[in-house]
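# Overview (structure and organization)
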Amino acid sequence: MPLPRVLLQLDCDPQPSTFDAIVAIDAGVEILLRHGSVTPNSVVSLVHGAIFTRGVSDLAATAIFIGGSDCATAEAVAQKVQQTFLGPLRVSLLVDPSGANSTASAAVVAATRHLPSDPLAQKSCRALILGGTGPVGQRVARLLARKGIGVAVASRSLARASEVCQHIRLAVPQAVLLPVEGGSFVERGSAFEQAIAQADLIVAAGAAGALLLDAAGFALARQAKVLIDLNAVPPAGIEGIMSTDKGKQAGDAVLYGALSIGKLKMKIHRRAIEQLFESNTAVLDAEELLAIGREL
Ligand SMILES: NC(=O)c1ccc[n+]([C@@H]2O[C@H](COP(=O)([O-])OP(=O)(O)OC[C@H]3O[C@@H](n4cnc5c(N)ncnc54)[C@H](OP(=O)(O)O)[C@@H]3O)[C@@H](O)[C@H]2O)c1
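Residues numbered from 1 in each chain as written. Predicted model: local features only at pLDDT ≥ 70, side-chain atom pairs only at ≥ 80, totals over all residues.

## Quick notes on the overall build of the protein chain
Secondary structure assignment for the protein chain yields 11 helices and 12 strands. Taken over C-alpha atoms, the radius of gyration comes to 20 Å for the protein chain, in line with the 19 Å a tight globule of 296 residues would show. In the protein chain, once contacts between residues fewer than 6 apart in sequence are set aside, the share between residues at least 24 apart is 71%. (Helix = DSSP H or I, 4+ residues; strand = E, 2+ residues; numbered from the N terminus. Rg over C-alpha atoms; globule rule 2.2 N^0.38 Å. Contact = placed C-beta atoms within 7 Å.)

Shown next, in the form of structure tokens:
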């Protein structure tokens, strides 16, 4: 008889996310073990419990999900989990703090449907990520940069945007990145105005309820083929995009809102949980979730 599928939900927040718990159950997890306030120091014994209880051939029936609102801690926990595995004594791992990896993957899947598929042509594309310093924006920027797309990362603080670009370059040394200072007001003749005008793709990944591009700013996006707003809380992150827009044509551009991207995000999240139980060796981070999203 096959062993029940057990998922360890390791959350860096004191209360493990109910959202992640329900998605796990809907994706077929039979036993969910939920732990809060997980840190790199406290995770070792939890991993030992996962890898020492079943034979190697049965370890595909155990998996680990790492979540929480503090993405840096979650990434440190994920690193510690992998360091704790002992050769074949390991289980599959999904890292999706704040839903940032699955959301960013969904946005990139939607965006790249409308950009050239040829890798050489992609290198001539430019993207602008508004609110690009948050967990979702940083991952959107990283995924696009890995494809060779030039990415402008916008923030209200040039220093924060520069820091994010440096961080992405550590993961993607060949990345073509430009930090840009820009909030919701577009100053004439600014680097922000230029980045808007030159972008083939604009993704608004600002905080919930923050307007990042008003109608006047939107009108400057003359070259944009795709605009995506990930903020579902009014007012919209990009004025003129409805949260339900799904590939809606607006002049030469197509528009996606947060709810349509959210549906794709949910499919990626569920499929990723299913994939955890197909082997004991999967490590699913943003790049792997993007690959899952492309196949859906
Ligand atoms: N559709 C979905 O399924 C889904 C799933 C998860 C998240 N989301 C949404 O995706 C978006 C990004 O999420 P996140 O967690 O990465 O966001 P976040 O960390 O809350 O915010 C992202 C960035 O927005 C900027 N920001 C914050 N307050 C602002 C304000 N008042 N005005 C202008 N900019 C402001 C900040 O950048 P600077 O301080 O550097 O300017 C911040 O780093 C959110 O809107 C979230 O609700 C959607």
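## A word on the sheet that holds strand S4 (residues 92–95)
Strand order in the open sheet formed by five strands is S2-S1-S3-S4-S12, and the pairing between neighbours is parallel. Only two strands of the sheet have a single partner each, and these edge strands are strand S2 (31–35) and strand S12 (283–284). In this structure, strand S3 (residues 62–67) lies alongside S4, joined through four bridges in parallel fashion. Bridge pairing links Ile64 to Leu93 in S4. (Pairing = 2+ DSSP bridges.)

## As for the site of the ligand
Around the ligand, a shell composed of 27 residues is seen, among which Gly131, Gly134, Ser155, Ala207 and Gly262 lie nearest. Looking at the shell around the ligand, the elements with two or more residues in it are helix H6 (135–146) and helix H10 (258–276). Counting residues per element, the shell around the ligand draws most heavily on H10, at four residues. Here the shell around the ligand is composed, by residue class, of 11 nonpolar, 13 polar and three charged. (Near = placed C-beta within 6 Å. Nonpolar A, V, L, I, M, F, W, Y, C, P; charged D, E, K, R; others polar.)

## Here's the deal with the domain arrangement of the protein chain
Examined at the domain level, the protein chain breaks down into domain 1 (6–95) and domain 2 (103–261). Spacing between the C-alpha centres of domain 1 and domain 2 amounts to 32 Å. (Domains from an automatic or database assignment.)

## Digging into the sheet that holds strand S5 (residues 126–130)
Read across the open sheet, the seven strands follow the order S7-S6-S5-S8-S9-S11-S10; overall the sheet is mixed. The strands lining the two open edges of the sheet, one partner per strand, are strand S7 (177–181) and strand S10 (246–250). Neighbour-to-neighbour, the strand axes of this sheet turn through a mean angle of 20°, independent of strand direction. Relative to strand S11 (residues 253–256), S10 is paired through four bridges, and the arrangement is antiparallel. Within S11, the residue paired with Ala250 across the bridge is Ala253. The strands touched by helix H7 (residues 158–171) are strand S6 (150–155) and S7; relative to S7, the strand with the most contacts, the crossing angle is about 165°. (Axes fitted to C-alpha atoms, helices over the stretch in contact; angles between N-to-C directions.)

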